[in-house]
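Secondary and tertiary structure notes
Now for the letters of each chain:
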Amino acid sequence: MSHQTNQNEKTKYQKLHLSLSKIENNLKLNNQGKKQKISFDWMNFGHYMKKENDINQIDKEARKKYEKIYSKTLPNIQELEIYEGVVTYITEKIILVDIGFKSEGAISINEFKENNPPVEIGDKIEVMVLKIDYRGQCVLSYQKAKMLRNWQKINQSYENSDIILGYVVARTKGGLIVEVCGIECFLPGSHINVKPVRDYDNYVGKTMEIKVVKINQKTKNIVVSHKVLIERDIEEQRKKMISKLEKGQVLEGKIKNILPYGAFVDLGGVDALLHITDMSWPHINHPTEIVQLEQELKFVVLGVDKEKNRVQLGLKQLQPHPWNALDKELKVGNKIKGRVSVIADYGAFIEIIPGVEALLHISEMSWFSNISSPQDFVQIGDHIEAIILTIDRKERKMSLSVKQLTPDPWIDIQQKYTVGSKHIGIVKKITNFGMILELEKEISGMMHINDFSWVKKMKHPSGYCSVDSKLEVVILSLDQQNRKLILGHKQLMDNPWDTYQNIYNVGSIHNGLVEKIFDKGAIVKFLDNNILEGFVPTRFLEKIDKTFLKKGDKGKFKVIEFNKENQKIVISHTSTFRDKDHRKEQRSKGRKFEKSTFGDIEGLAKLKEKIEKEKK
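First, a word on what this report is: a plain description of the structure on this page. Remember, it's a predicted structure, so these values are computed and weren't measured experimentally.

**A short note on the overall build of the protein**
When you go through the protein residue by residue, the secondary structure sums to 10 helices and 30 strands. Residues classed as buried in the protein amount to 35% of the 616 residues present. Here the analysis covers contacts within the protein between residues at least 6 apart in sequence; of these, 57% occur between residues at least 24 apart. Within the structure as shown, the protein displays about 40300 Å² of accessible surface, and the carbon and sulfur contribution to it stands at 50%.

What follows is the structure in structure tokens.
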């Protein structure tokens, strides 16, 4: 009985060996390019493998060989990767999918609720391997595979700048939520249209073309735009229209926008610039003097830049040039009248007739050379008479002169305004360093702040006199070539500092009143002279009781420095009592230390020896 049992077991193992041999042969056929499905009876194999004694009877080397052969029949499946599988079985709760692994994977039926039409047995679908457990069972997901594929598609469209379709799901703060391939994206309100959008609800429920403009890989946020597509279409239309434009064409357009330097004109899809200088032949201050918003006019094309897609228009060029109406008899040397229309740093423009302007340079306004600004001579709206210096009808340019209407007063100026002569001038302008006085028409001179007064010191000339004040002056110097007169007022009287140097010599003591105290010291007015002032350094304000002088205090001051050239007197209150104490101290020290020296002692010793010798 036992012999028969052993014979049956032997027969079963032979069958197992035959089955593994068939697997090896099938593998060889697969290597030759033939596809053949291998079936294996796992239940039968497991029945025999349970018995430990039977396992020990199988040759170990043969087992390793067969395991190696079997492992080659299985695909290399990795977790979190996407594979194509075939639906093999469908129940009410799960769907089984064969991805070519040793076991089929299960997917919840809930992942296929949105599929229309529903999946059927035999359909090929993409799934993601979420996990492979210890039993070799695969956990699959259809939705995650679908989501990853859609994310990859969106990234690819971003890299390739492709146009994709999106469905507007809802509005949100600052824009719209757009669904693309099952993924929600953000469409900002500023990227919906080229014009501002007020009502976002009009776009909800619509499908629109969009372009991915930004992706945040960390937060998985996607920003899309519809405006960039509109701008692209507009730019293409603009390029086509500009390519057809030529200089000199007359087109109709509408004023779209007005700026201080001009206006932008809509030519039907193309924006062109109408500069303020091309609006009118006469000078204007602002474009609104000629054009208004939404106004439709005819314009002439002045220039086309096809590389930069820019168009320049003109309006005044459609009208006759005003120079054609200018009197043909006008020539150099003629007198002409006009109105000041524009003032620049270098001069003023005089309007002769509407649209014809001539330049009056600042150097041709007056024989006086110290005009710093044209506004010192003319103002906008002034009517003046001038003489024509140059006229060029081809270039349409004209220059004028006002000063040449009268003889040059500087030619014989030395006869009247000699150095040292006295005159009455009118203050015309006050600057930080002095003032300009007019002696007569076209002749003015400069007086520096240091030439106002011998004694009085001022921080600004306005503290001495005001504009239009009359002042007696003396000519200090004359430069006829450079047309400069230097004037002085203090030179009308003798220099009092010649007298002061004898009165306020160094070491003299005077009574004074502290008028002003500041960080470095104080200003003291001498009581014996109501005009003259002296400077006291802070350290010399100390009194005999160790306190310091204050504003309004009176006291005695000693002159320690006198500078006639700089008109400066430095005085000290401390020196009036400290110098006396110092001299007394020196005298007492001299008396205290008047003692015999070594030389005196030696001389006395010799004298003593001589007297003693004589006695002997």
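Text resumes after the structure shown.
**Thoughts on the packing of aromatic side chains**
Under the definition given, this model contains 7 aromatic pairs. Seen in terms of ring centroids, Trp497 and Tyr500 are 5.5 Å apart; in terms of plane orientation they differ by 80 degrees. Their pairing is edge-to-face. On the criterion of helical spacing, the pair formed by Trp497 and Tyr500 is a turn pair, its members being 3 residues apart in helix H8 (residues 497-503). As far as the burial class goes, Trp497 and Tyr500 line up, both buried. Seen from their ring centres, Phe518 and Phe535 are 6.0 Å apart, and the 20 degrees between their planes marks the pair as stacked. Of the two residues, Phe518 sits in strand E26 (residues 509-518) while Phe535 sits in strand E28 (residues 533-537), which places them 17 residues apart along the sequence. What makes Phe518 partly exposed here is its relative accessible area of 33%. Using a relative accessible area of 22% as the deciding quantity, one classes Phe535 as partly exposed.

**Quick word on the side chain of His321**
As for its position among the elements, His321 is in the loop between strand E15 (310-314) and strand E16 (335-344). Classification of His321 by relative accessible area gives buried; the value is 12%. Only 3.1 Å separates the side chain of His321 from the backbone nitrogen of Trp323, close enough to count as a polar contact. The contact partners of His321, leaving out residues within four places of it in the chain, are Trp281 and Arg396.

**With respect to the environment of Val455**
As for its placement among the helices and strands, Val455 is situated in the loop between strand E23 (443-448) and strand E24 (470-479). For the pair Val455 and Glu533, spaced 78 residues apart in sequence, the C-alpha separation works out to 8.2 Å.

**Focus on the sheet that holds strand E21 (residues 422-430)**
Read around the closed barrel, 5 strands run E21-E22-E23-E25-E24, paired in mixed fashion. The mean inter-strand angle of the sheet, taken between neighbouring strand axes irrespective of direction, is 50 degrees. Pairing of E21 with E24, which is carried by 5 bridges, proceeds in the antiparallel orientation. Paired with His423 across the strands is Val473, a residue of E24.

**A closer look at helix H6 (residues 227-244)**
Spanning 18 residues, H6 covers 26 Å between terminal C-alpha atoms, matching the ideal 26 Å at 1.5 Å per step. Those residues of H6 lying buried are Lys227, Leu229, Ile230, Arg238 and Ile242. On its buried side, H6 packs onto strand E9 (207-216), strand E10 (221-225), strand E13 (271-275), strand E14 (296-305) and E15.

**As for the nonpolar core**
Leu326, Ile350, Ile352, Leu360, Met365, Met398 and Leu400 are the most contacted members of the largest nonpolar core, which totals 24 residues. Contact partners of Leu360, with chain neighbours within four places excluded, come to Gly347, Ala348, Ile350, Met365, Ile384, Leu400, Ser401 and Val402.

**So, the sheet that holds strand E12 (residues 262-266)**
Read around the closed barrel, 5 strands run E11-E12-E13-E15-E14, paired in mixed fashion. Pairs of neighbouring strands in the sheet enclose a mean axial angle of 50 degrees, with direction left out of account. When strand E11 (residues 250-259) meets E12, the two strands line up antiparallel, connected through 5 bridges. In the sheet register, Asn257 faces E12, and the bridge partner there is Phe264.

**Comments concerning helix H5 (residues 142-160)**
Here H5 spans 27 Å end to end across 19 residues, near enough to the 27 Å set by a 1.5 Å rise per residue. The complete set of buried residues in H5 reads Tyr142, Ala145, Asn150, Trp151, Ile154, Asn155 and Ser157. Ser161 sits one or two residues past H5 and shows a positive phi near 60 degrees.

**Notes on the pairing of E12**
Hairpin geometry of E11 and E12 is characterised by an intervening segment of 2 residues between the two adjacent antiparallel strands. Remark: 4 residues form the turn of the hairpin made by E12 and E13, two consecutive strands paired antiparallel; Gly268 in that turn has positive phi of roughly 95 degrees.

**Structural notes on the pattern of salt bridges**
Within the structure shown, the criterion is met by 15 salt bridges. Between Asp408 and Arg483 there is a salt bridge, with its nearest N and O atoms 2.4 Å apart. Linking Asp408 in the loop between strand E20 (397-401) and helix H7 (413-416) with Arg483 in the loop between E24 and strand E25 (484-488), this pair joins segments that are 75 residues apart in sequence. Taking the relative accessible area as the measure of exposure, Asp408 reaches 15% and is therefore buried. Each of Lys254, Glu294 and Glu296 takes part in salt bridges that share partners, so that together they form one network.

**Side note on the pairing of E20**
With respect to burial, E20 is a largely interior element, 4 of its 5 residues being buried. Where strand E18 (residues 356-361) and E20 come together, 2 bridges link them in parallel fashion. Following the sheet pairing, Leu359 is matched in E20 by Ser399. Of the pairings in the sheet, the one linking strand E19 (residues 383-392) to E20 comprises 5 bridges and is antiparallel in character. Its bridge partner being in E20, Ile391 is matched across the sheet by Met398. With antiparallel pairing between neighbouring strands as the criterion, E19 and E20 make up a hairpin whose turn holds 4 residues, including Arg396 at a positive phi of roughly 60 degrees.

Cut-offs applied
Residues numbered from 1 in each chain as written. Predicted model: local features only at pLDDT ≥ 70, side-chain atom pairs only at ≥ 80, totals over all residues. Heavy atoms only, no water. Helix = DSSP H or I, 4+ residues; strand = E, 2+ residues; numbered from the N terminus. Buried < 20%, exposed > 50% of the residue type's maximum accessible area, 1.4 Å probe, protein only. Contact = heavy atoms within 4.5 Å. Areas by Shrake-Rupley, 256 points an atom, 1.4 Å probe, with all protein chains shown as cover. Phe/Tyr/Trp six-rings, centres within 6.5 Å; stacked < 30°, edge-to-face > 60°. Polar contact = N/O pair within 3.5 Å; in protein donor to acceptor, adjacent residues only side chain to side chain. Pairing = 2+ DSSP bridges. Axes fitted to C-alpha atoms, helices over the stretch in contact; angles between N-to-C directions. Expected span 1.5 Å × (residues − 1). Core = buried A, V, L, I, M, F, W, Y, C linked by side-chain atoms within 4.5 Å. Salt bridge = Lys/Arg side-chain N within 4 Å of Asp/Glu carboxyl O.

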